[in-house]
Amino acid sequence: MKLWDEEIEGYRAEAQALLANFPTEQFQSPDSDDPLASVRAQREAMIAFEPEASPMAHDSTIAGPAGDIPVRLYIPENPRAMFLHLHGGGWSVGRPKMSETANAHIATKHQLALLSVDYRLAPEHPYPAAPDDCEAAAVWMLENGPKLWGTEKMFIGGESAGGHLSAVTMLRLRDRHGAIDRVLGANLVFGMYDFRGTPSFYGNGGRPDFLSPEGILQAREHFTPNMSEADRRNPDVSPLFADLSGLPPCLISTGTVDHIADDSYFLAVRMAAAESPVELAVYPDAPHGFVVFPTEMTKAHERRIDAWIASLL
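The structure reproduced in this document is the subject of the present report. Predicted, not measured: the structure shown is a model, and the values here were computed from it.

### Looking at unusual backbone geometry
Moving on, step 1. For the peptide bond that leads from Ala122 to Pro123, omega is 5°, which places it in the cis range.
Moving on, step 2. Mapping Pro123 onto the fold places it in the loop between β4 (112-117) and α5 (129-149).
Moving on, step 3. Here the amide bond leading from Tyr127 into Pro128 is cis, since omega sits at 10°, within 30 degrees of zero.
Moving on, step 4. For Pro128, the position within the fold is in the loop between β4 and α5.

The structure is reproduced here in structure tokens:
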């Protein structure tokens with residue numbers, strides 16, 4: 001079974017060249033005996049990589065379970081639907097502005113009222129703070145979308161930790177709110193869906209990657225401190241253990257060098273077995289977070305998402 005087409009195969013040499021010169025030293029965690037100080041340093045460092053602000057974006061707040069939640073909005077004229085975006089960053093770093101270019105593109109190209117959530121971060125706010133904020137934002141959009149933007153349908157999507165939170169939010173909308181029929185689809189990009197650790201977590205063939213087993217363990221401990229393996233099998237933590245039937249179309253994307261690639265493979269197969277519509281997009285020799293590089297493979301990934309969204313509108 002071939003997991004990518006000839007177009008993607010044609011970009012493989014470029015991906016391999018990227019791995020040969022992978023700038024891993026730019027993304028290592030700062031040395032510190034204080035984990036919180038280390039996380040805060042990472043947050044400050046990531047701001048330097050944020051793209052230029054979009055003129056269509058503006059900041060606001062919505063009510064949340066622990067006070068106001070900051071959100072960033074991208075609202076085109078005459079929205080056709082909504083998009084709830086959840087940023088990445090290992091549940092402990094990142095903010096909506098890191099996805100500014102992609103979010104403005106999605107909002108403009110597809111006429112989607114897009115809201116990106118600045119959810120609470122670990123370790124200051126461990127599970128379930130971030131999922132609770134994301135759930136609150138999803139419910140707020142469903143309640144207010146019809147009067148604000150004339151639409152009651154939405155997409156959900158995010159990258160890395162945002163892919164995980166998107167899956168959790170989708171399941172909460174189904175199980176807690178009976179609103180899954182209002183979700184057009186979920187765009188799940190290189191997320192982690194089994195917090196016990198899948199095989200690729202323990203080894204990706206020694207290839208360069210943004211992630212490392214040590215870094216994943218640290219992020220997992222920040223988000224789910226002192227949880228047992230049984231606790232981490234809770235579907236609200238690890239969506240791979242959920243009932244995956246009755247879900248909207250999902251596009252699941254990963255690179256083969258990603259330390260959590262297996263999470264995407266397993267989730268896609270389990271969704272298919274549960275007869276939920278799912279597409280799996282696999283990018284050979286691509287590391288975790290490969291979309292930050294302006295490569296032909298990244299462009300192909302963006303085209304795949306555009307085509308998928310367009311097919312569901």
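So, next bit.
### Structural notes on helix α3 (residues 35-47)
Moving on, step 1. A rise of 1.5 Å per residue sets the reference length of α3, with its 13 residues, at 18 Å; its end C-alpha atoms lie 19 Å apart and thus fit the reference within 8%.
Moving on, step 2. Three or more residues of α3 are buried, namely Ser38, Val39 and Arg43. Relative to the axis of α3, the buried residues are bounded by an arc of 145° and lie together on one face.
Moving on, step 3. Structurally, α3 contributes buried residues whose contacts are with α8 (213-223).
Moving on, step 4. The residue sitting at the N-terminus of α3 and contributing the capping side-chain oxygen is Asp34; that oxygen lies 3.0 Å from the backbone nitrogen of Leu36.

### So, the sheet that holds strand β5 (residues 154-159)
Moving on, step 1. A sheet is described by the order of its strands in space; here eight strands give the open sequence β1-β2-β4-β3-β5-β6-β7-β8, paired in mixed fashion. Taken across any chain shown, the strands that pair with only one partner, and hence form the sheet edges, are β1 (57-64) and β8 (278-283). In this sheet, neighbouring strand axes are inclined to one another by 20° on average, regardless of whether the strands run parallel or antiparallel.
Moving on, step 2. Each of β1, β2 (67-74), β3 (81-86) and β4 touches helix α4 (residues 100-110); the most contacted strand, β4, lies at about 155° to it.
Moving on, step 3. Contacting β3, β4, β5, β6 (183-189), β7 (250-255) and β8, helix α11 (residues 296-312) crosses the sheet at an angle of about 170° to β8.

### Focus on the nonpolar core
Moving on, step 1. Leu84, Met154 and Met271 are the most contacted members of the largest nonpolar core, which has 53 residues in total.
Moving on, step 2. It is α5 that contributes the most residues to this core, eight residues altogether.
Moving on, step 3. In this structure Leu84 touches Leu115, Val117, Cys134, Ala137, Ala138, Met141, Met154, Phe155, Ile156, Gly157 and Thr169, once residues within four positions along its chain are discounted.
Moving on, step 4. One finds Ile106, Val189, Ala281 and Ile309 within the second-largest nonpolar core, a separate group that totals 28 residues.

### Notes on the side chain of Thr151
Moving on, step 1. In this fold, Thr151 is placed in the loop between α5 and β5.
Moving on, step 2. The buried category is assigned to Thr151, whose relative accessible area is 7%.
Moving on, step 3. Setting aside chain neighbours within four positions, we find Thr151 in contact with Arg80, Ala81, Met82, Gly145 and Pro146.

### Here we look at α5
Moving on, step 1. Spanning 21 residues, α5 covers 28 Å between terminal C-alpha atoms, matching the ideal 30 Å at 1.5 Å per step.
Moving on, step 2. Where α5 bends most, the angle comes to about 40°, and this point is Glu143, followed within four residues by the proline Pro146.
Moving on, step 3. After α5 finishes, the residue Gly150 shows a positive phi value of roughly 70°.

### Brief notes about the packing of aromatic side chains
Moving on, step 1. Applying the stated criterion across every chain yields a total of eleven aromatic pairs.
Moving on, step 2. Between the aromatic rings of Trp91 and Phe223, the centroid separation amounts to 5.2 Å while the plane-to-plane angle is 15°, which identifies the pairing as stacked. Of this pair, Trp91 sits in the loop between β3 and α4 while Phe223 sits in helix α8; the two residues are 132 residues apart in sequence, bridging distant segments of the chain.
Moving on, step 3. Judged by centre distance (5.2 Å) and plane angle (45°), the rings of Tyr283 and Phe290 are tilted.
Moving on, step 4. Under the relative-accessibility criterion, Tyr283 is labelled buried at 2%.

Conventions we followed
Residues numbered from 1 in each chain as written. Predicted model: local features only at pLDDT ≥ 70, side-chain atom pairs only at ≥ 80, totals over all residues. Heavy atoms only, no water. Helix = DSSP H or I, 4+ residues; strand = E, 2+ residues; numbered from the N terminus. Expected span 1.5 Å × (residues − 1). Buried < 20%, exposed > 50% of the residue type's maximum accessible area, 1.4 Å probe, protein only. Arc of directions from axis to C-beta. Contact = heavy atoms within 4.5 Å. Polar contact = N/O pair within 3.5 Å; in protein donor to acceptor, adjacent residues only side chain to side chain. Pairing = 2+ DSSP bridges. Axes fitted to C-alpha atoms, helices over the stretch in contact; angles between N-to-C directions. Core = buried A, V, L, I, M, F, W, Y, C linked by side-chain atoms within 4.5 Å. Bend = angle between axes of the 7 residues up to and from the residue. Phe/Tyr/Trp six-rings, centres within 6.5 Å; stacked < 30°, edge-to-face > 60°.

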